[in-house]
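Listed below are the residues making up each chain.
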Amino acid sequence: MTDSANTRPLSEAQITEAGNPAKPQGECGALMLERMNRSHEEVTNWALDLLSFSPDQRVLDVGCGGGATMGRISQRMGKGSGTVVGVDYSEVSCAQSRELNAAGIASGRMEVRQASVEALPFADASFDVVTTVESFYFWPDPVANLAEVARVLKPGGRFLLVADVYQKDGLAQEVLDNIRRRSLTVLTPSQHEDLLLEAGFSLARAHLKEGTDWIAVEGLR
Ligand SMILES: C[S@@+](CC[C@H](N)C(=O)[O-])C[C@H]1O[C@@H](n2cnc3c(N)ncnc32)[C@H](O)[C@@H]1O
């Protein structure tokens, strides 16, 4: 992809700006999601290691983006009667997730639905596990949206919120600028825990990865 004068390839930053990480759109959105499928691998695997998956579970990934997290979860579950469902309100994200997980979808083990976390198209207590990776900070109404996640979880089900940034001293200026410019919800570990409890989870625990700005917040329904 090149700039408007059709001369230079677009930089990663230009692709991200045009692609809109809050709701991926167009060709740049698709390119950005492909990159995120790779760049979010390490933080996602670190966080998924905090949960245990089994073959017959029903798992939901909210804000599934390019769909790589769905594949990572499916691999951890192993073969069985379980399903991995991805939800995203961006048409481009849903298309990318469907393309990447075409084999799983064809076999009936995966599904992608276009919807917002504000109104998940599932009955109460439908899932054993819900995950969300690098998406929560865009959600419009954190407590209400987390309560919607809690609604679709079975009693005793687990929620895992993953982000590569949380509120703390010493964040890089570039990161602070990004948080302000995009109005991201970036909280301290204890604010995350309080929010989950307020939204109806019975337990909440934030995990941090030493030497990084990563956070994974585990919630028990
Ligand atoms: C930065 S991307 C991350 C995608 C993917 N989870 C990953 O780790 O690469 C954020 C994703 O969250 C989705 N998203 C943001 N707000 C959402 C909402 N209210 N409901 C559903 N999806 C949402 C966006 O459309 C986008 O696909």
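Worth saying up front: this structure is predicted, and the values here are computed from it rather than measured.

About the criteria used
Residues numbered from 1 in each chain as written. Predicted model: local features only at pLDDT ≥ 70, side-chain atom pairs only at ≥ 80, totals over all residues. Heavy atoms only, no water. Helix = DSSP H or I, 4+ residues; strand = E, 2+ residues; numbered from the N terminus. Axes fitted to C-alpha atoms, helices over the stretch in contact; angles between N-to-C directions. Parallel < 35°, antiparallel > 145°, perpendicular 65-115°, else oblique. Left-handed = near helix turned anticlockwise from the far one by under 90°. Contact = heavy atoms within 4.5 Å. Nonpolar A, V, L, I, M, F, W, Y, C, P; charged D, E, K, R; others polar. Buried < 20%, exposed > 50% of the residue type's maximum accessible area, 1.4 Å probe, protein only. Pairing = 2+ DSSP bridges. Right-handed = clockwise from strand over helix to strand, strands pointing away.

(A) Main features of the environment of Pro21. Mapped onto the fold, Pro21 is located in the loop between α1 (12–19) and α2 (26–39). Once the C-alpha coordinates of Pro21 and Ile105 are considered, the two residues, 84 residues apart in sequence, prove to be 25 Å apart.

(B) Region of the structure containing the packing of α2 against helix α5 (residues 91–100). Between α2 and α5, the least distance of the axes is 10 Å, while the angle of their chain directions is 50°. What the angle tells us is that α2 and α5 run oblique. As α2 packs across α5, the resulting crossing turns out to be right-handed. Contacts between α2 and α5 pair Gly26, Gly29, Ala30, Leu33, Glu34 and Asn37 from the former with Val92, Ser93, Gln96 and Leu100 from the latter. Here the contact of α2 with α5 is composed, by residue class, of 4 nonpolar, 5 polar and 1 charged.

(C) Structural context of the pairing of strand β1 (residues 58–62). Burial analysis of β1 places 4 of its 5 residues in the buried class, which makes it a mostly covered element. In this structure, β1 lies alongside strand β2 (residues 83–88), joined through 5 bridges in parallel fashion. Within β2, the residue paired with Asp61 across the bridge is Gly86. One crossover worth recording links β1 to the parallel β2 by way of helix α4 (residues 68–77), and it is right-handed. In terms of strand pairing, β1 meets strand β4 (residues 127–133) through 4 bridges, oriented parallel. By the bridge assignment for β4, Val62 is matched with Thr132.

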